[in-house]
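Examining the three-dimensional arrangement
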Amino acid sequence: MAVYTELNKEQIISFLKLYKIGKFISFYGITEGIENSNFFLETSEGKYILTIFEKRVGQSDIPFFINIMKYLSSRGFLCPSPIIDIKKNYVQQLQKKPAIIVSFLNGTSKTEITNKDCFNLGSNMASMHLKSKDFMDKRENSLSISGWNQLIKNCNESIPNSTLNEIEPDILEEIQHSFNFCTKYWPTTLPQGFIHADMFPDNVFFDDNKISGVIDFYFSCIDILAYDLAIAV
């Protein structure tokens, strides 16, 4: 999470008129993360997170993200729950960008991970996969084989070789070699279903050494279940 679109108090108060979640008390930008603009929001009825989707997130993907959070929340999985507005919509426009409000989760992410934390996350991930097994929406993983191929092509076309070689000599050739290997041996028969696809430590909250929730479902998709495990590892 991060802040790319700046907001002021008056804009937040005006935006809250679209919802029935109480009167404005306070807000601040959340600086962690890299994708969207996020704000902590407190009203007379509770705490929330306001997210403004930036350029990388396709607007056509947002309903998938909303629906999976609703689906998992309704089945007892600890994740943000999208808040509906007075016209029964989940997505609004703020600063000419799509925006949503979701429920707030207590807890914080950990920087020092223990074996017990990993065990708990594995159990939590398994619960998420099982509880979402009948989820019917579809979204392709943009960061899998097809997406990697396009990323390599984009780097090759848009970044000068001199810049790439400053990172590491012949780095693009090495990446292409690794991609070719993955393409040749990519598993096609492993179980598939919903995956979070971004379960890094900053997206898992702990409270009293217990997982209190998983956030940031904005890379989630349908793919090999083991992909989620690989990312966490």
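Our subject is the structure listed above.
Residues numbered from 1 in each chain as written. Predicted model: local features only at pLDDT ≥ 70, side-chain atom pairs only at ≥ 80, totals over all residues. Heavy atoms only, no water.

Moving on, we come to the overall build of the chain. When you go through the chain residue by residue, the secondary structure sums to seven helices and nine strands. Its C-alpha atoms give the chain a radius of gyration of 19 Å, within 12% of the compact-globule value 17 Å for 233 residues. C-alpha extents for the chain along the principal axes are approximately 55 × 40 × 35 Å. Within the chain, the proportion of its 233 residues that are buried is 41%. If you take every contact in the chain between residues at least 6 apart in sequence, the share linking residues at least 24 apart comes to 68%. When the 22 basic and 27 acidic side-chain charges of the chain are each reduced to a single mean position, those positions are 12 Å apart. (Helix = DSSP H or I, 4+ residues; strand = E, 2+ residues; numbered from the N terminus. Rg over C-alpha atoms; globule rule 2.2 N^0.38 Å. Buried < 20%, exposed > 50% of the residue type's maximum accessible area, 1.4 Å probe, protein only. Contact = heavy atoms within 4.5 Å. Lys, Arg positive; Asp, Glu negative; His and termini not counted. Charge placed at Lys NZ, Arg CZ, Asp CG, Glu CD.)

Let us now look at a negative patch on the surface. The grouping of Glu-168, Asp-170, Glu-173 and Glu-174 at the surface amounts to a negative patch. Secondary-structure assignment places Glu-168 in the loop between helix H5 (161–167) and helix H6 (171–185). (Patch = residues over 30% accessible without salt bridge, like charges linked within 9 Å, V, L, I, M, F, W, Y side chains within 5 Å. Areas by Shrake-Rupley, 256 points an atom, 1.4 Å probe, with all protein chains shown as cover. Salt bridge = Lys/Arg side-chain N within 4 Å of Asp/Glu carboxyl O.)

Another aspect to go through is the packing of aromatic side chains. Counting across every chain of the model gives 15 aromatic pairs. Geometrically, the ring pair formed by Phe-40 and Phe-104 is edge-to-face, given 5.4 Å between the ring centres and 80° between the ring planes. Of this pair, Phe-40 sits in strand E2 (residues 37–43) while Phe-104 sits in the loop between strand E5 (97–103) and helix H3 (115–131), placing them 64 residues apart in sequence. Accessibility expressed as a relative area gives 29% for Phe-104, which makes it partly exposed. (Phe/Tyr/Trp six-rings, centres within 6.5 Å; stacked < 30°, edge-to-face > 60°.)

Looking at helix H7 (residues 225–232), one finds that the buried residues are Tyr-227, Asp-228 and Ile-231. For H7, the angular spread of the buried residues around the axis is 100°, confining them to a single face. Residues of H7 that are buried make contact with H3, helix H4 (145–158), strand E6 (192–195) and strand E9 (221–224). (Arc of directions from axis to C-beta.)

Under the definition given, this model contains zero disulfides. Free of any disulfide, Cys-155 has its nearest neighbouring cysteine sulfur in Cys-182, separated by 16 Å. In this model Cys-221 remains outside any disulfide bridge; the closest cysteine sulfur is found in Cys-79, 16 Å from its own. (Disulfide = S-S within 2.5 Å.)

What follows concerns the nonpolar core. Counting 30 residues, the largest nonpolar core has Leu-72, Met-128, Phe-194 and Phe-217 as the members making the most contacts within it. Counting residues per element, this core draws most heavily on helix H2 (residues 62–74), at eight residues. Residues contacting Met-128, with those up to four places away along its chain left out, are Leu-72, Phe-77, Phe-194, His-196, Met-199, Phe-217 and Asp-228. Grouped together as the second largest cluster of nonpolar side chains are 15 residues, Tyr-19, Phe-39, Tyr-48 and Ile-83 included. (Core = buried A, V, L, I, M, F, W, Y, C linked by side-chain atoms within 4.5 Å.)

Here we come to the environment of Asp-198. Looking at where Asp-198 falls in the secondary structure, it is placed in the loop between E6 and strand E7 (204–207). Expressed as a C-alpha distance, the spacing of Asp-198 and Tyr-218, which sit 20 residues apart in the sequence, is 8.1 Å. In contact with Asp-198, other than residues within four places in its own chain, are Asn-203, Asp-216, Phe-219 and Ile-231.

Another point: the sheet that holds strand E4 (residues 92–94). Taking strand neighbours across the sheet as the criterion, the five strands line up as E1-E2-E3-E5-E4 in an open arrangement whose pairing is antiparallel. In the strand order of this sheet, the two ends are held by strand E1 (24–29) and E4, each with one partner. Each adjacent strand pair in this sheet contributes to an overall mean axis angle of 35°, direction not counted. With seven bridges joining them, E2 and strand E3 (residues 46–52) adopt antiparallel strand pairing. Bridge assignment links Asn-38 to a residue of E3, and that residue is Thr-51. Each of E1, E2, E3, E4 and E5 touches helix H1 (residues 9–16); the most contacted strand, E1, lies at about 120° to it. (Pairing = 2+ DSSP bridges. Axes fitted to C-alpha atoms, helices over the stretch in contact; angles between N-to-C directions.)

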